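Fold and geometry: a report
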Amino acid sequence: MTLLDGEIENLRQKFPDGTPNVYALSDEQKAWLHMKIQSIAEEIVPSQVISQLEKIGNRLTHATEDIPDDEMQRIVSFVFENMAEIENISKIG
């Protein structure tokens, strides 16, 4: 199991019902998601999904203030909607 596989599994275990509603999460849960998604974004090799993950990773890395919930919801939705592809890419890389 790669680091990326472990991060994806952590997301699935923490949110077994799929994409969480960021608006309903605590600041601690949002911070945890932030870190996990950033780790995933940093472990991926180029593709369309990867390019978007890199942008997300850069956004999360360089955020100077809390990311608004609507933007975080889009980020979280993108990761959960593309989790199978992210997982497949991780096995290739």
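Analysis parameters
- Residues numbered from 1 in each chain as written.
- Predicted model: local features only at pLDDT ≥ 70, side-chain atom pairs only at ≥ 80, totals over all residues.
- Heavy atoms only, no water.
- Helix = DSSP H or I, 4+ residues; strand = E, 2+ residues; numbered from the N terminus.
- Rg over C-alpha atoms; globule rule 2.2 N^0.38 Å.
- Buried < 20%, exposed > 50% of the residue type's maximum accessible area, 1.4 Å probe, protein only.
- Areas by Shrake-Rupley, 256 points an atom, 1.4 Å probe, with all protein chains shown as cover.
- Lys, Arg positive; Asp, Glu negative; His and termini not counted.
- Charge placed at Lys NZ, Arg CZ, Asp CG, Glu CD.
- Phe/Tyr/Trp six-rings, centres within 6.5 Å; stacked < 30°, edge-to-face > 60°.
- Axes fitted to C-alpha atoms, helices over the stretch in contact; angles between N-to-C directions.
- Parallel < 35°, antiparallel > 145°, perpendicular 65-115°, else oblique.
- Left-handed = near helix turned anticlockwise from the far one by under 90°.
- Contact = heavy atoms within 4.5 Å.
- Nonpolar A, V, L, I, M, F, W, Y, C, P; charged D, E, K, R; others polar.
- Salt bridge = Lys/Arg side-chain N within 4 Å of Asp/Glu carboxyl O.

Moving on, we get to the overall build of the protein chain. Within the protein chain, the secondary structure is distributed over five helices and zero strands. The secondary structure elements of the protein chain, listed N-terminal to C-terminal, are α-α-α-α-α. Relative to the globule expectation of 12 Å for 93 residues, the C-alpha radius of gyration of the protein chain, 12 Å, shows essentially globular dimensions. Projected onto the principal axes, the alpha-carbon positions of the protein chain cover approximately 35 × 30 × 20 Å. Within the span of the protein chain, comprising 93 residues, buried residues form 44% of the whole. Surface accessibility of the protein chain: about 5600 Å² in total, with carbon and sulfur atoms responsible for 47%. For the protein chain, the distance from the average position of its 8 positive side-chain charges to the average position of its 17 negative side-chain charges is 1 Å.

The next thing to look at is the packing of aromatic side chains. To describe a pair of aromatic rings, you give the distance between the ring centres and the angle between the ring planes. Applying the stated criterion to the full structure yields two aromatic pairs. Measuring from ring centre to ring centre gives 6.2 Å for Phe15 and Trp32, while their planes differ by 55 degrees; the resulting arrangement is tilted. Placement of the pair is Phe15 in the loop between α1 (3-14) and α2 (27-43) and Trp32 in helix α2, with a sequence separation of 17 residues. Summarising the aromatic geometry, the rings of Phe15 and Phe80 are spaced 6.2 Å apart at their centres and angled 80 degrees between planes, so their arrangement reads as edge-to-face.

Interhelical geometry of α2 versus helix α4 (residues 69-81) gives an angle of 45 degrees and a closest axis separation of 11 Å. Regarding the angle of α2 to α4, the classification is oblique. For the pair α2 and α4, the crossing hand works out as left-handed. The residues of α4 that touch α2, namely those facing Lys30, Leu33, His34 and Ile37, are Asp69, Met72, Ile75, Val76 and Val79. Taken together, the residues that form the contact of α2 with α4 break down as six nonpolar, one polar and two charged.

Scanning the model with the defined rule gives five salt bridges in all. Close ionic contact of Asp70 with Arg74 constitutes a salt bridge, the shortest N to O distance being 3.9 Å. Of the two residues, Asp70 and Arg74 both sit in helix α4, four residues apart, roughly one turn of that helix. Given a relative accessible area of 39%, Asp70 falls into the partly exposed group.

Keep in mind that these numbers describe shape and distance, not what the molecule does.
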